[in-house]
Every structure is written in structure tokens, then in C-alpha cells.
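Chain by chain, the residues:
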Amino acid sequence: MNIRLATPADIPAIMDVLEAAKVIMRRSGNTNQWVGGYPSTDAIEKDLSRDAGYVLTEKERVVGYFAFLPSPEPTYSRIVGGQWLDDVRPYHVIHRIASYPEVHGVFKAIMDFAFAADPNIRIDTHKDNRIMQHNILKHGFNYCGIIYLESGDERLAYQRIAD
């Protein structure tokens, strides 16, 4: 599996991957995350404009997507019911992880990529996204508290600082 910056030509394939991920979410009982057309093409284009949108490929086929953004993340400025492990040093945030259900190792590949770039990573997910919570904890993240999106929706927030 390879990871590379996404290009505008990848957007149709990225949208297909995001739709497949929504199916996985719904089947696992996560019916309230990624609704109302989110993530939209506009959101992906914004990631690309910031050189923060990445695709995972197998044999040139786009099989996954994620955004990898440098701090600060505005919605992380306030955390409730806990605290960040380190709220001083710069960090990167991972958003919009998606893949096809038959493709395995995507989360690990993303984590390897992310921690090679920055030892301080934050991530959040919906309380109903049990699959993502499992992967986040499996890869050594610590639960830090609840953050609120611009919409007011709450998310479980995690951080890992690699040795």
C-alpha cells in the first residue's frame, strides 16, 4: 500500500471511498456521523488546497483517504472532561479516515505515515464509531476528553506522543 498526496483528479475516487466508509459506519451502528452530505467534495478540495489530503493506493487504485493537518486545530482549543497530554508543542491532526471494507491495514499505514512525520498526533471520532475507537486505542492513543466541532457536535478526542 502506498500513500501520496491526493490530486484533484483523485476526487471522484475519494468520494467513492468515502461513500463505502459510510456504509461500514451505518452497518456497525454509527448512524449519526458523516451525515448531511459530509464529507463533501468542498471539504476534500479544501484538504487538497492545504496539501493535507492523502490517498492510499494499491496497484494505482485509490483504496483509502485521510487528511493530515498541522496544528492548530481550532476545535481542539477547548477540551471538556479531561486534558491533552501536551498542550504546548505543535501537533498534527488526522481527519476523515476512510477505506473500502475489503482493504486491510489502512489505519496502520496511516499511523506509520503520520508518526514518521510528527511524534505528536491528535485524532477525534464520534462516540458511536466503535471501529475507529478500537483502532485508535489499539495504536496507543490516550483518551483525553471531549471536543466540540463548529456545528456543536461532540467528539471523543485522543492524543499520542511517540517516543
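If you're wondering where the values come from, they're calculated on a predicted model, not measured in any experiment.

1. Topic: the overall build of the protein chain
So, step 1. Scanning the protein chain from terminus to terminus reveals four helices and seven strands.
So, step 2. Compactness check: the protein chain gives a C-alpha radius of gyration of 15 Å against a globular reference of 15 Å for 163 residues, within 12% of the reference.
So, step 3. Considered along the principal axes of its C-alpha atoms, the protein chain spans approximately 40 × 35 × 30 Å.
So, step 4. Across the protein chain, the fraction of contacts at a sequence separation of at least 24, relative to all contacts at a separation of at least 6, is 68%.
So, step 5. Taking the average location of the 18 positive side-chain charges in the protein chain and that of its 21 negative ones, the two points are 5 Å from each other.

2. With respect to the pattern of salt bridges
Working definition: two side chains of opposite charge can pair if their charged atoms are close together.
So, step 1. Summed over all chains, the structure comprises seven salt bridges.
So, step 2. Close ionic contact of aspartate 10 with arginine 4 constitutes a salt bridge, the shortest N to O distance being 2.8 Å.
So, step 3. Residue aspartate 10 is classed as buried on the basis of its relative accessible area of 8%.
So, step 4. Looking at arginine 4, the relative accessible area reads 33%, which means it is partly exposed.
So, step 5. Residues aspartate 86 and arginine 89 are paired through a salt bridge, measuring 2.7 Å at the closest nitrogen-oxygen approach.

3. Examining the sheet that holds strand S5 (residues 120-125)
Adjacent strands of a sheet form backbone hydrogen bonds with each other and so pair up, either parallel or antiparallel.
So, step 1. With mixed pairing, the seven strands of this open sheet are ordered in space as S1-S2-S3-S4-S5-S7-S6. For this open sheet the edge positions go to strand S1 (2-5) and strand S6 (142-148), each flanked by a neighbour on one side alone. Along the sheet, successive strands turn relative to each other by an average axial angle of 30°, direction set aside.
So, step 2. In the packing of helix H3 (residues 106-117) onto the sheet, contacts are made with S1, strand S2 (53-58), strand S3 (61-70), strand S4 (92-99), S5 and strand S7 (154-161), and the angle to S4 comes to roughly 160°.

4. Observations concerning the environment of tyrosine 54
So, step 1. In this structure, tyrosine 54 sits in strand S2.
So, step 2. The spacing of tyrosine 54 and isoleucine 14 is 40 residues in sequence and 9.5 Å in space, taken between C-alpha atoms.
So, step 3. Setting aside anything within four residues of it in sequence, one finds tyrosine 54 in contact with Ile3, Arg4, Leu5, Ala6, Gly64, Tyr65, Phe66, Phe68 and Phe113.

5. Topic: unusual backbone geometry
So, step 1. Residue proline 39 follows tyrosine 38 across a cis peptide bond; omega there is -10°.
So, step 2. Position of proline 39 relative to the elements: it lies in the loop between helix H1 (11-27) and helix H2 (41-49).
So, step 3. Here the residue pair serine 71 and proline 72 is connected by a cis peptide bond, since its omega of 5° sits within 30 degrees of zero.
So, step 4. Positive phi, close to 50°, is recorded for lysine 59, a residue that is not glycine.
So, step 5. For lysine 59, the location among the structural elements is in the loop between S2 and S3.
So, step 6. For lysine 59, a relative accessible area of 84% puts it in the exposed group.
So, step 7. Unlike most non-glycine residues, arginine 96 shows phi in positive territory, near 55°.
So, step 8. Looking at the element boundaries, arginine 96 is found in strand S4.

Conventions and cut-offs
- Residues numbered from 1 in each chain as written.
- Predicted model: local features only at pLDDT ≥ 70, side-chain atom pairs only at ≥ 80, totals over all residues.
- Heavy atoms only, no water.
- Helix = DSSP H or I, 4+ residues; strand = E, 2+ residues; numbered from the N terminus.
- Rg over C-alpha atoms; globule rule 2.2 N^0.38 Å.
- Contact = heavy atoms within 4.5 Å.
- Lys, Arg positive; Asp, Glu negative; His and termini not counted.
- Charge placed at Lys NZ, Arg CZ, Asp CG, Glu CD.
- Salt bridge = Lys/Arg side-chain N within 4 Å of Asp/Glu carboxyl O.
- Buried < 20%, exposed > 50% of the residue type's maximum accessible area, 1.4 Å probe, protein only.
- Pairing = 2+ DSSP bridges.
- Axes fitted to C-alpha atoms, helices over the stretch in contact; angles between N-to-C directions.

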